[in-house]
Amino acid sequence: MERGRTRSVGSELHLLFRAITGVVVVLLALNIVPRLVLLGHVRPAVNKLRQMQSNLNQVRDGMVDEETGLRGYLATGSTAFLCSLPSRSTAGGVGAGRAVLRCGRRAAGA
């Protein structure tokens, strides 16, 4: 600062606010960059976990279907209950109907 020239309070505050704004912008940038990098590493792991969850749900559904058939067989003695049930992913489709028909024919012939 030169002698004889004094800054007003308004100019000092303006300079201070500009400095604070610069610091805030730098801190925000330093905070955002690691978060973006972390998201890049986490997102593939989340997708893999969702696929694993889907696979486990399919296994559980198959086990429930098998247990239901075994209970039906034990309760009635009919081997029709031992035929594999159509998978839930094809339930209601043409493939599911054919599987039920094949199972019914095998049980009728047994």
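Criteria and cut-off values
Residues numbered from 1 in each chain as written. Predicted model: local features only at pLDDT ≥ 70, side-chain atom pairs only at ≥ 80, totals over all residues. Heavy atoms only, no water. Helix = DSSP H or I, 4+ residues; strand = E, 2+ residues; numbered from the N terminus. Areas by Shrake-Rupley, 256 points an atom, 1.4 Å probe, with all protein chains shown as cover. Salt bridge = Lys/Arg side-chain N within 4 Å of Asp/Glu carboxyl O. Buried < 20%, exposed > 50% of the residue type's maximum accessible area, 1.4 Å probe, protein only. pLDDT = per-residue confidence, 0-100. Contact = heavy atoms within 4.5 Å. Expected span 1.5 Å × (residues − 1). Bend = angle between axes of the 7 residues up to and from the residue. Patch = residues over 30% accessible without salt bridge, like charges linked within 9 Å, V, L, I, M, F, W, Y side chains within 5 Å.

**Observations regarding the overall build of the protein chain**
Phase 1: Along the protein chain, the regular secondary structure elements total two helices and zero strands.
Phase 2: Carbon and sulfur atoms form 64% of the exposed surface of the protein chain, whose accessible area is close to 9,600 Å².

**Describing the pattern of salt bridges**
Phase 1: Overall, the coordinates contain three salt bridges when judged by the stated rule.
Phase 2: The salt bridge involving Arg 7 is made with Glu 12; its shortest N-O contact spans 3.6 Å.
Phase 3: Of the residues examined, Glu 12 reaches a relative accessible area of 35% and is grouped as partly exposed.
Phase 4: Glu 67 is the salt-bridge partner of Arg 71, the closest N and O atoms lying 2.8 Å from each other. Within this pair, Arg 71 and its partner Glu 67 are both found in helix α1 (residues 9-76), separated by four residues, close to a single helical turn.
Phase 5: Overall, the relative accessible area of 55% leaves Arg 71 in the exposed class.

**A short note on the confidence of the model for the protein chain**
Phase 1: Of all residues in the protein chain, 72% attain a pLDDT of 70 or more, and the chain-wide mean is 80.
Phase 2: This stretch, residues 92-97, has a pLDDT under 50; its non-local contacts, to residues over four places away or in other chains, come to three contacts.

**Here's the deal with α1**
Phase 1: For α1, with 68 residues, the first-to-last C-alpha span of 95 Å sits near the 100 Å given by 1.5 Å per residue.
Phase 2: At Val 42, α1 is deflected by roughly 25°, the largest bend along its length, and proline Pro 44 occurs up to four residues later in sequence.
Phase 3: Among all positions in α1, only Asp 61, Asp 65, Gly 69 and Gly 72 are buried.

**Notes on a nonpolar patch on the surface**
Phase 1: On the surface, a cluster of nonpolar side chains totalling about 950 Å² of accessible area is made up of Val 9, Leu 13, Leu 16, Phe 17, Ile 20, Val 24, Leu 28, Ile 32, Leu 36 and Leu 39.
Phase 2: As for its position among the elements, Ile 20 is in helix α1.

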